[in-house]
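Each chain is listed here by its residues.
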Amino acid sequence: EGEGRTRTVSYRGMLIKQGVTLIAGGGFHGKSTILNALAVGVFDKAPGDGRQFVLTAPDAITLRAEDGRAVRSVDISAFVNSLPKVSGLDPTRFSTDCASGSTSMAASVSEALEAGATSLLLDEDTCAANFMSRDGRMRALVNHEPITPMLYRVSGLYNELGVSSIVVIGGNGDWLDVADSVVLMDEYMAFDSTKKAASISMTFSYGHVQYAGRGVAHRLPWPDQVLRARIPDPTSFSLAADGPGQPRADSDGGGGVVRLRYGPTSGPPEVLARASALDLSRLEQLTWADDDAGLVRGCGWAMGWIAGYASGPVGGGAAADGDAVADEQHSMASLLKAYDSTAGEEGVGMLGERAMHYDITLPRRVDVAVVLNRLPRTQVVQAEVVEKAAKEEDPNDWWHQRKKKQKTEGS
């Protein structure tokens, strides 16, 4: 303590390793509570908060179903291999103004990867059931299910992309087959149940669908695909303002509706009609401080910075690795990387002198991506790529082929 001296304090606690971690337990035993604590472990908290010693990977992001959200040209083919022909929608370039629970989650995973997230936090209570898993009975009943559930992809996400997942489960034991670690909550106490879970998995895991001889469907590799860069139109990022240059973040002060208002604030009626509000209430990480909309307000200012940067010239090497982008275009990934780099060097000052006069929390790169990807009027196109990944086999086909073979052999 004092100048030139440091103080070391030791705490006893729990470490969650990288990989696929499950948080299991009975109802009302603290599963979601501990996940929520991990979700806000990316932020600084006041002493006495109760979660001030919870630390999480700085780019961890919470995912949940968001029925009705806007999606713009996102490749969701890792999870949705086809869509009804009458919809005219392409899962490799999926766009909609009103996503379903499952397609919203598929888009959110792809967007999180694009933003550089290395940890995903999911709670089955707030996720789309058909996106998370599907049991053998449903595979047998539904012949044309286009969704490859998260259960099948979560191992490939870590093994091949290095993206960890923490999943709260309570109703589907199939998740035990993919777990690297299992935390069992009992009476608000956390216990390591990894070995017990592995034993249960060995006992009950039978009849799994084989993936072309390379392992069970519960552990599918991440698809070998070339990701197209998404190119946003910076003129579609315009934000509303309380005064010149100040985006508005409105909160009811009780942890309920939090809105970021954007769009023009002056002009003829047909122009003013474009002004709208983005409801961020379902995004817990952005709204975790009930009485403070500073992070949401910071996201609004960040949208202004992104729009200004995107309107400028692209420097050498600005495109993200693997992006097939024309030199004069900014990809979504390169914009987020530029924001992250500038934020690391300049802090909140990067948002301009006026921003320093307001209560603003500088958002993380993944927070900026969350808001940017939900602006309903943002226009995004995909850059063309030289090669296209081969179409992946459908797990449903393997299942039905296997059952047909069993019947043939039995007769």
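Asks: What's the story with the pattern of salt bridges in this structure? I'm lost.
Replies: When the charged atoms of two side chains lie near each other, side chains of opposite charge can form a pair. On inspection of all chains with the given rule, the structure shows eight salt bridges. Across the salt bridge formed by Glu 284 and Arg 64, the nearest N and O atoms sit 3.0 Å from each other. Taken together, the residues span a long stretch of sequence, with Glu 284 in the loop between β12 (276-279) and α8 (294-311) and Arg 64 in the loop between β2 (60-63) and β3 (71-74) at a distance of 220 residues. A salt bridge links Arg 374 to Glu 66; the shortest N-O distance between them is 2.7 Å. Here Glu 66 lies in the loop between β2 and β3 and Arg 374 lies in the loop between α10 (365-372) and β13 (380-382), a separation of 308 residues in the sequence. When sorted by exposure, Arg 374 lands in the same class as Glu 66, which is buried. Connected through salt bridges with shared partners, the residues Glu 66, Arg 69, Glu 111 and Arg 374 form a single ionic network.

Asks: Sorry if this is basic, but what is going on with helix α9 (residues 332-346) here?
Replies: Since the α-helix packs 3.6 residues into each turn, any two residues three or four apart lie on the same face. Between its first and last C-alpha atoms α9 spans 21 Å; for 15 residues at 1.5 Å apiece the expected length is 21 Å, and the two agree. Along α9, the residues classified as buried are Met 332, Ala 333, Ser 334, Leu 335, Leu 336, Ala 338, Tyr 339, Thr 342 and Ala 343. On its buried face, α9 is in contact with α2 (101-114), β9 (230-232), α8, α10 and β13. The positive-phi residue at the C-terminal boundary of α9 is Gly 347, with phi of around 65 degrees.

Asks: Hey, could you run me through the sheet that holds strand β7 (residues 181-186) in this one?
Replies: Sheets are built from strands that pair by backbone hydrogen bonding, the pairs being arranged parallel or antiparallel. Pairing is mixed across the open sheet formed by six strands, whose spatial order is β2-β5-β6-β1-β7-β8. The open sheet has two edge strands, β2 and β8 (189-192), and neither has a second partner. Strand-to-strand, the axes of this sheet are offset by a mean angle of 20 degrees, without reference to chain direction. Looking at chain direction, strand β1 (residues 20-25) and strand β6 (residues 164-168) are connected through four bridges and run parallel. Within the sheet, the bridge partner assigned to Val 20 lies in β6 and is Ser 165.

Asks: Sorry, what's going on with the confidence of the model for the chain here?
Replies: Low pLDDT means the predicted atomic positions in that stretch should not be read closely. Looking at the chain as a whole, its pLDDT mean stands at 80, while 75% of the residues score no less than 70. The low-confidence segment residues 239-246 (pLDDT under 50) makes 23 contacts with residues lying over four places distant or belonging to another chain. Across residues 252-256 the pLDDT falls below 50, and counting only partners more than four positions away or on other chains, this stretch makes five contacts in the model.

Asks: Explain the nonpolar core to me, please; I cannot follow it from the model alone.
Replies: The nonpolar side chains of soluble globular proteins are, as a tendency, buried together. Core analysis: the biggest nonpolar cluster contains 82 residues, and Leu 120 and Trp 175 have the highest contact counts within it. No other element matches the 10 residues that α8 contributes to this core. Filtering out sequence-adjacent residues up to four positions away, Trp 175 remains in contact with Leu 22, Met 132, Ser 133, Met 150, Leu 151, Val 154, Val 167 and Ile 169. Ranked by size, the runner-up nonpolar core spans 10 residues in total, among them Ile 34, Leu 35, Leu 38 and Leu 121.

Asks: Looking at this model, I keep getting lost on the packing of α9 against α10. Mind explaining?
Replies: To describe two helices that pack against each other, one gives the angle between their axes and the distance between the axes. Interaxial distance between α9 and α10 falls to 9 Å at its minimum, and their mutual angle equals 140 degrees. The angle between α9 and α10 falls in the class oblique. Judged by the twist between their axes, the crossing of α9 over α10 is right-handed. Contacts between α9 and α10 involve Met 332, Leu 336, Lys 337, Tyr 339 and Asp 340 from the former and Arg 365, Val 368, Ala 369 and Leu 372 from the latter.

Cut-off values and rules
Residues numbered from 1 in each chain as written. Predicted model: local features only at pLDDT ≥ 70, side-chain atom pairs only at ≥ 80, totals over all residues. Heavy atoms only, no water. Salt bridge = Lys/Arg side-chain N within 4 Å of Asp/Glu carboxyl O. Helix = DSSP H or I, 4+ residues; strand = E, 2+ residues; numbered from the N terminus. Buried < 20%, exposed > 50% of the residue type's maximum accessible area, 1.4 Å probe, protein only. Expected span 1.5 Å × (residues − 1). Contact = heavy atoms within 4.5 Å. Pairing = 2+ DSSP bridges. Axes fitted to C-alpha atoms, helices over the stretch in contact; angles between N-to-C directions. pLDDT = per-residue confidence, 0-100. Core = buried A, V, L, I, M, F, W, Y, C linked by side-chain atoms within 4.5 Å. Parallel < 35°, antiparallel > 145°, perpendicular 65-115°, else oblique. Left-handed = near helix turned anticlockwise from the far one by under 90°.

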